[in-house]
Amino acid sequence: MDDLNIVILAAGEGKRMLSDRPKVMHEIMGKPMISYVVDLAKKKSQEHVIVVTGSGREEIERYLSGYKVEFAFQREQKGTAHALLSSTTMLKRGDVLVLYGDVPLLTESTLNDFLDFYRKNRAILFLITTVEKPEGYGRVIRRGAEIIRIVEEVEATEEEKKIKEINTGICIIPEEHLPLLRVIDNRNRKGEYYLTDICNIARNRGITVLAFDHPDAKEVLGINNKKELLVAQTIMRDRILERHMENGVVMLDNNIYIEASVSIGRDTTVFPNTYILGDSSIGDHVVVGPNTMIRNTKIGNHVRIEGFSVIEGAEIAQDVTIGPFSRIRPKTILQDGVKIGNFVEVKNSLLKRNTKANHLSYIGDAEIGSDVNIGAGTITCNYDGKRKHKTVIGDSVFVGSNTELVAPVVIGRGAIIGAGSTITKDVPEDALAVSRSPQRHIEGYGQKKRGKG
Ligand code: UD1
Ligand code: CA
């Protein structure tokens, strides 16, 4: 079936979502739902994937621009058969597999089974399943393996509404039966061209329509509103956690949220209520959390991210410790062995090997050498009210507690900054810089003050 065309229907407005975004752009674990369907389709056909867009077309096409798919335009959303017809001029020779942009949880193994069944039983074929609550779905009326009709919810009688066998939407139409699409009309309650009407039209002409039963209804959930979006989100979240556990990651709870694009190495442990988001990768033997958020960050091996830390857009090498209660902001690079402790904020800075900032500091727009000690309460004063300036600190510098480094400023390697200093001028290598006022004593002052009452 190398000439299989795959058409993904994604033009609908998604009214039931009550949203300004096109339905298929709503995210499940950090990725728009359409991306799951396109990823699956691309596994089955590199060349012949067509996405039908209409409502919110620009946003969807912009998002999918890197995916090597073609787009068919459905100007008005007149139903699923009409949507499929909008793609017919773009079809290559071959049969047509229809996937739905709002049915994103389908797995490759189920699709493989469906395609295998089709290879053995060439006919118009629908993927169907059984659900406890069939509301909203098309009900399948069948005789044995054959489908007689699919009745849409709005057209169904009270009796038909009780049927729990439902249409998932996913179907294959053999090339020679594609002309039947043109016979479908819109004489129904919604005035739409229902793709499901192909069933009785085919039967009336003696063409077989078969059902392929799939036992796991969760995989073929259609997402039409925000409640279903949460259900899909939960299913996908569990699947992602399972995948990581199968790869050797320890999860200490189910209440961990890891987006689809994240990779994690073996023997890494994730504590509860941790969020790992976006384009993040985490190495082996790392410990993360609890209550920690990591976004768009690369983390090497043997790193500890203690609880209540927030890390975004950073590159963290090996054997680094961060937190608890640290904030690492974008464009931060922490080399091997760096330690960032509680209530330390780092932004757009490079900290070289084994440098430590263990307590209560702000490090912004800085380049700091290796083996530097940043004392508690150090602040790089990087902003003069108009512009940002850089602080450069050489290797092995010792910055005493409660120091302000007023940028732009350069501290030479091996220098020592006395605690409580405000440094406004460059400090030479190996020098001691102290800028606080000298301490004086007024003898007997306390006694005198008490004496006055
Ligand atoms: C559809 C099926 C229903 C099935 C259910 C499974 C029909 C008539 N009904 O109903 O039998 O049980 O899916 O989830 O096929 N779309 C377009 N253009 C349109 C209309 C829809 O591209 O003019 C796209 C939508 O973007 C969506 C998909 O087709 O991705 C399904 O449309 P939707 O309106 O959600 O159909 P359902 O009512 O869910
Ligand atoms: Ca739907």
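Residues numbered from 1 in each chain as written. Chains lettered and ligands numbered in written order. Predicted model: local features only at pLDDT ≥ 70, side-chain atom pairs only at ≥ 80, totals over all residues. Heavy atoms only, no water.

1. Side note on the packing of aromatic side chains
Applying the stated rule across the entire model yields six aromatic pairs. Plain terms: the ring middles of Tyr-257 and Tyr-275 are 5.7 Å apart, the flat faces sit at 40° to each other, and that makes the pair tilted. Taken together, the residues span a long stretch of sequence, with Tyr-257 in strand E13 (residues 257-258) and Tyr-275 in strand E16 (residues 275-277) at a distance of 18 residues. Each member of the aromatic cluster is reached from another via a ring pair, and the members are Phe-114, Phe-117 and Phe-212. Over the ring of Tyr-36 we find Lys-31; its NZ or CZ atom is 4.9 Å from the centre of that ring. Positioned above the aromatic ring of Tyr-383 is the side chain of Lys-388, whose terminal nitrogen or guanidinium carbon lies 5.3 Å from the ring centre. (Phe/Tyr/Trp six-rings, centres within 6.5 Å; stacked < 30°, edge-to-face > 60°. Helix = DSSP H or I, 4+ residues; strand = E, 2+ residues; numbered from the N terminus. Lys NZ or Arg CZ within 6 Å of the ring centre and 35° of its normal.)

2. Observations regarding the coordination of the calcium ion (ligand 2)
Surrounding the calcium ion (ligand 2) are the protein donor atoms Asp-102 (OD) and Asn-224 (OD1), at 2.2 to 2.4 Å. Here Asn-224 lies in the loop between strand E11 (209-214) and helix H7 (226-246) and Asp-102 lies in the loop between strand E6 (96-100) and helix H4 (108-120), a separation of 122 residues in the sequence. Across the pair, exposure class does not vary: Asp-102 and Asn-224 are buried alike. (Donors = N, O, S within 2.8 Å, 3.2 Å for Na, K, Ca; no water. Buried < 20%, exposed > 50% of the residue type's maximum accessible area, 1.4 Å probe, protein only.)

3. A look at the confidence of the model for the protein
Reading fine detail from the predicted coordinates is not recommended where pLDDT is low. Averaged over the protein, the pLDDT score is 97; the fraction of residues at 70 or greater is 99%. Here helix H8 (residues 445-452) stands out as the least confident element of the protein, with mean pLDDT 90; strand E26 (residues 332-334) is the most confident, with 99. (pLDDT = per-residue confidence, 0-100.)

4. Digging into the site of ligand 1
Near ligand 1 lie 23 residues; those nearest to it are Gln-74, Gly-79, Thr-80, Glu-152 and Asn-167. Separating an oxygen atom of ligand 1 from a backbone N or O atom of Leu-9 is a distance of 2.9 Å. At 2.9 Å, a backbone N or O of Ala-11 approaches an oxygen atom of ligand 1. Here ligand 1 has 760 Å² of accessible area as a free molecule, and 93% of this is covered by the chains. Residue assignment for the shell around ligand 1 shows that the elements contributing at least two residues are helix H3 (80-85) and strand E10 (165-173). (Near = heavy atom within 4 Å. Polar contact = N/O pair within 3.5 Å; in protein donor to acceptor, adjacent residues only side chain to side chain. Areas by Shrake-Rupley, 256 points an atom, 1.4 Å probe, with all protein chains shown as cover.)

5. Topic: the sheet that holds E26
Pairing is parallel in the open sheet, where nine strands are placed in the order E14-E17-E20-E23-E26-E28-E30-E33-E36. Of all strands in the sheet, those with a lone pairing partner are strand E14 (263-264) and strand E36 (409-411), marking the two edges. (Pairing = 2+ DSSP bridges.)

6. What to know about the pattern of salt bridges
Enumeration according to the criterion identifies 29 salt bridges in this entry. A salt bridge links Glu-108 to Lys-43, with the shortest nitrogen-to-oxygen separation between them at 3.7 Å. Residue Glu-108 is found in helix H4, and its partner Lys-43 is found in helix H1 (residues 33-44); the two are separated by 65 residues along the sequence. What makes Lys-43 exposed here is its relative accessible area of 55%. Of the charged contacts in the structure, one is a salt bridge between Asp-365 and Lys-347, with a shortest N-O distance of 3.2 Å. Taken together, the residues Asp-365 in the loop between strand E29 (356-364) and strand E30 (366-368) and Lys-347 in strand E27 (residues 339-347) connect sequence positions 18 residues apart. In this pair, the class of Asp-365 matches that of Lys-347, namely buried. (Salt bridge = Lys/Arg side-chain N within 4 Å of Asp/Glu carboxyl O.)

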